[in-house]
Amino acid sequence: MLENLLQAPLTSLLMGLILALLGLILVFAGRGVIKFIAFLIGGIIGGLAASTIMAPYLGGATILAGVIGFILVGALTQLLLPVGAGLVAAALTYLFLKPLLNMIFALIIAVIIFFAVLMLFNKIVAVGTAFLGSLIFLAGIKRFIPIDIYLSLLIIAVLTVIGCIVQLRGR
C-alpha cells in the first residue's frame, strides 16, 4: 500500500488529498456548509439586484445598497432553504406520481412530502451530506490507495454514521 502512495503522481496525490479533506468537511460539518453556501448565493444575488436597482437613485452609495441587499437576501435565503427543499421534493413527487396515480392522490402525497421535508430538513441534510462526504472522501483516498470493495463499503458506512452522529447531536 505504501509503494502505491510513493508511486502516485504528485497531481493525483494532491487531488486525492483535496477530495479527502473536502469529503471530511462535508461529513462532519455538512449542514453548516450547505447553509453557508445558500447564504452566499442568496447574498450575491441580493447584493447585485439591490445595487443595480438602487444605482439611479443613490449614485455613489450603491455599494451600501449592495451590502444591505447581500445581508438581507442572504439571511432570507438561509431562512427559506427548508421551504425551497420542500417545494422541490413535492414537485418531484407530484411529477413522478402523476402518471401512476390519480391527480388528486398524487397532489395529496406531494403535500405530505412537502411537510415531511419541511419538518425533517436538518436531519435530511445531515444524513445526505454525511453520505455524500463519505463518498467524496473515498474517491479521494482511492486516487492513491487501491481499496477493496468491502473496505470501501465499510468506510462509507462508518463515516456516514459518525458524520450523522456529529451533525445531529444536541445543539
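Heads up: these notes are all about the structure in this document. (Residues numbered from 1 in each chain as written. Predicted model: local features only at pLDDT ≥ 70, side-chain atom pairs only at ≥ 80, totals over all residues. Heavy atoms only, no water.)

With that settled, the discussion passes to the nonpolar core. In this structure, Ala 20, Phe 137, Leu 138, Ile 141, Phe 144, Ile 145, Ile 147, Ile 156 and Leu 159 together form the largest nonpolar core, which totals nine residues. For this core, the secondary-structure elements that each account for two or more residues are helix H5 (121-141) and helix H6 (149-168). When residues in this core are grouped by element, the largest group, three residues, is from H5. (Core = buried A, V, L, I, M, F, W, Y, C linked by side-chain atoms within 4.5 Å. Buried < 20%, exposed > 50% of the residue type's maximum accessible area, 1.4 Å probe, protein only. Helix = DSSP H or I, 4+ residues; strand = E, 2+ residues; numbered from the N terminus.)

In this section: H5. The terminal C-alpha atoms of H5 lie 30 Å apart, and with 21 residues this matches the ideal 30 Å at 1.5 Å per residue to within 8%. Restricting attention to buried positions, one finds in H5 the residues Phe 121, Val 125, Ala 126, Thr 129, Ala 130, Gly 133, Ser 134, Phe 137, Leu 138, Gly 140 and Ile 141. (Expected span 1.5 Å × (residues − 1).)

It is worth spelling out the environment of Gly 43 at this point. Relative to the helices and strands, Gly 43 is located in helix H2 (residues 10-58). Using a relative accessible area of 0% as the deciding quantity, one classes Gly 43 as buried. Considering only alpha carbons, one finds Gly 43 and Ile 124, 81 residues apart in sequence, at a separation of 24 Å. Leaving out residues up to four positions away in the same chain, Gly 43 has contacts with Gly 69, Phe 70, Val 73 and Gly 74. (Contact = heavy atoms within 4.5 Å.)

This brings us to the packing of aromatic side chains. Here a ring pair, both rings aromatic, is described through the centre-centre distance and the interplanar angle of the planes. For the structure shown, the criterion picks out two aromatic pairs. Their ring planes at 85° and their centres at 5.5 Å tell us that Phe 39 and Phe 70 sit as a pair that is edge-to-face. With a gap of 31 residues between them, Phe 39 in helix H2 and Phe 70 in helix H3 (residues 62-97) connect regions that are remote in the sequence. Aromatic pair Phe 114 and Phe 115: ring centres 5.1 Å apart, planes at 75°, arrangement edge-to-face. Take Phe 114: its relative accessible area is 16%, and that puts it in the buried class. (Phe/Tyr/Trp six-rings, centres within 6.5 Å; stacked < 30°, edge-to-face > 60°.)

Note that every value here comes from positions in space, so none of it alone points to a role or purpose.
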